[in-house]
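Breakdown of the fold
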Amino acid sequence: MVIIDTKFTDLLCIDFKSFTDIRGEFVKTIHKETFEQNKLDWNFTESFFSKSFKNVLRGMHFQYSPADHNKLVYVVSGKILDVVVDLRKESKTYGEFYSVELSDENRKGIYIGKGFAHGFLTLQDNSIVEYHTSTSQDRQAEGGIKWDSFGFEWPVDNPIMSERDSSFEAFNLDKTYF
Ligand SMILES: Cc1cn([C@H]2C[C@H](O)[C@@H](COP(=O)(O)OP(=O)(O)O[C@H]3O[C@@H](C)C(=O)[C@@H](O)[C@H]3O)O2)c(=O)[nH]c1=O
């Protein structure tokens, strides 16, 4: 795997190596030594995946400190537009967003450090998105900002969303999230 910097601190893209043969495909997604060399957390406490129809939007989610976490995200099958927003008040890129397509074709992943909100839009039916997080889910610490409130131009007007996600408050530049 190759780990690629972005202009955001603690936000990295990963090009996974895909091995294909007559049986199918093999992809390694976590390698302690490579993660350590790149100063990434590899010691996750929880893993989960979701499977979604096309035009589903999940997000924008985070957990407040001290339950905030590093998160590794990639697509097992399908295609998504993955989006993160920098919520770290002291960061040079506070309020700025980053997006990348993750798919079973490009085999890219994203490593999201603490202090970002995360969400994605599915571009294909049956998109399976897998996560690994460095702290477990903590209902009391869960936070969110509304998907259409931080300036990102989503390529969809009316995505399929949960009630919770549709009712998050707008991103507020004056608030201190982290
Ligand atoms: C995230 C999560 C959900 N659940 C349950 C609660 C609920 O009944 C069902 C679906 O939960 P949600 O609606 O929160 O799922 P979802 O909206 O897919 O949540 C995910 O969104 C993306 C954008 C992320 O970044 C993830 O970290 C996670 O927050 O699964 C757990 O039991 N444990 C968990 O850790």
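Preceding block: the structure.
If you're wondering where the values come from, they're calculated on a predicted model, not measured in any experiment.

**Brief notes about the site of the ligand**
Neighbouring residues of the ligand: Glu 46, Phe 48, Arg 58, His 61, Lys 71, His 118, Gly 119, Tyr 131, Gln 137, Arg 139 and Arg 164. Within the side chain of His 118, a nitrogen or oxygen atom sits 2.6 Å from an oxygen atom of the ligand. Between Gln 137 and the ligand, the recorded distance is 3.0 Å, taken from a side-chain N or O atom to a nitrogen atom. Contact with the protein chains removes 66% of the 660 Å² of surface that the ligand exposes when unbound.

**A look at the pattern of salt bridges**
Applying the stated rule across the entire model yields ten salt bridges. Here Lys 146 ties to Asp 148 by a salt bridge, and the two come within 3.4 Å at their closest N and O atoms. Relative accessible area serves as the criterion here: at 22%, Lys 146 is assigned to the partly exposed category. With relative accessibility at 43%, the residue Asp 148 sits in the partly exposed group. If you follow the salt bridges from partner to partner, you end up with Asp 10, Asp 86 and Arg 88 in one network.

**Regarding empty space enclosed by the protein**
This structure, assessed with the given rule, holds one cavity of 30 Å³ or more. Considered as a void within the structure, the largest cavity measures approximately 70 Å³ in volume. For the largest cavity, the lining is made up of 13 residues, of which Phe 62, His 69, Lys 71, Gly 113 and Phe 116 are closest to its centre. Where the lining of the largest cavity is concerned, the elements lending two or more residues are strand 6 (57-63) and strand 11 (116-122).

**Describing the sheet that holds strand 6**
Strand order in the open sheet formed by five strands is 9-8-11-6-13, and the pairing between neighbours is antiparallel. The open sheet is flanked by strand 9 (97-103) and strand 13 (142-144), the only strands paired with a single partner. Adjacent strand axes in the sheet meet at a mean angle of 25° when their direction is disregarded.

**Thoughts on the sheet that holds strand 12 (residues 127-133)**
In space, the six strands of this open sheet follow the order 1-2-10-7-12-5, with antiparallel pairing throughout. With one partner strand each, in any of the chains shown, strand 1 (2-5) and strand 5 (46-52) form the two edges of the open sheet. On average, each strand axis in the sheet is tilted by 25° relative to the strand beside it, whichever way the strands run. Where strand 1 and strand 2 (residues 11-15) come together, four bridges link them in antiparallel fashion. Note on strand 2: the bridge partner recorded for Ile 3 is Ile 14.

**What about the packing of aromatic side chains?**
Counted by the stated rule, this structure contains 16 aromatic pairs. Aromatic side chains Phe 35 and Tyr 111 sit 6.4 Å apart centroid to centroid with 85° between the ring planes, which places their arrangement in the edge-to-face category. Of this pair, Phe 35 sits in helix 1 (residues 32-37) while Tyr 111 sits in strand 10 (residues 108-112), and the two are 76 residues apart along the sequence. For the pair formed by Phe 35 and Tyr 111, the shared burial category is buried. Between the aromatic rings of Phe 171 and Tyr 177, the centroid separation amounts to 5.7 Å while the plane-to-plane angle is 20°, which identifies the pairing as stacked.

Definitions and limits used
- Residues numbered from 1 in each chain as written.
- Predicted model: local features only at pLDDT ≥ 70, side-chain atom pairs only at ≥ 80, totals over all residues.
- Heavy atoms only, no water.
- Near = heavy atom within 4 Å.
- Polar contact = N/O pair within 3.5 Å; in protein donor to acceptor, adjacent residues only side chain to side chain.
- Areas by Shrake-Rupley, 256 points an atom, 1.4 Å probe, with all protein chains shown as cover.
- Salt bridge = Lys/Arg side-chain N within 4 Å of Asp/Glu carboxyl O.
- Buried < 20%, exposed > 50% of the residue type's maximum accessible area, 1.4 Å probe, protein only.
- 1 Å grid on protein atoms, 1.4 Å probe; cavity = no way out; pocket = protein on both sides within 12 Å on 5 of 7 lines; lining within 4 Å.
- Points joined across faces, edges and corners; volume = space filled by probe spheres on them.
- Helix = DSSP H or I, 4+ residues; strand = E, 2+ residues; numbered from the N terminus.
- Pairing = 2+ DSSP bridges.
- Axes fitted to C-alpha atoms, helices over the stretch in contact; angles between N-to-C directions.
- Phe/Tyr/Trp six-rings, centres within 6.5 Å; stacked < 30°, edge-to-face > 60°.

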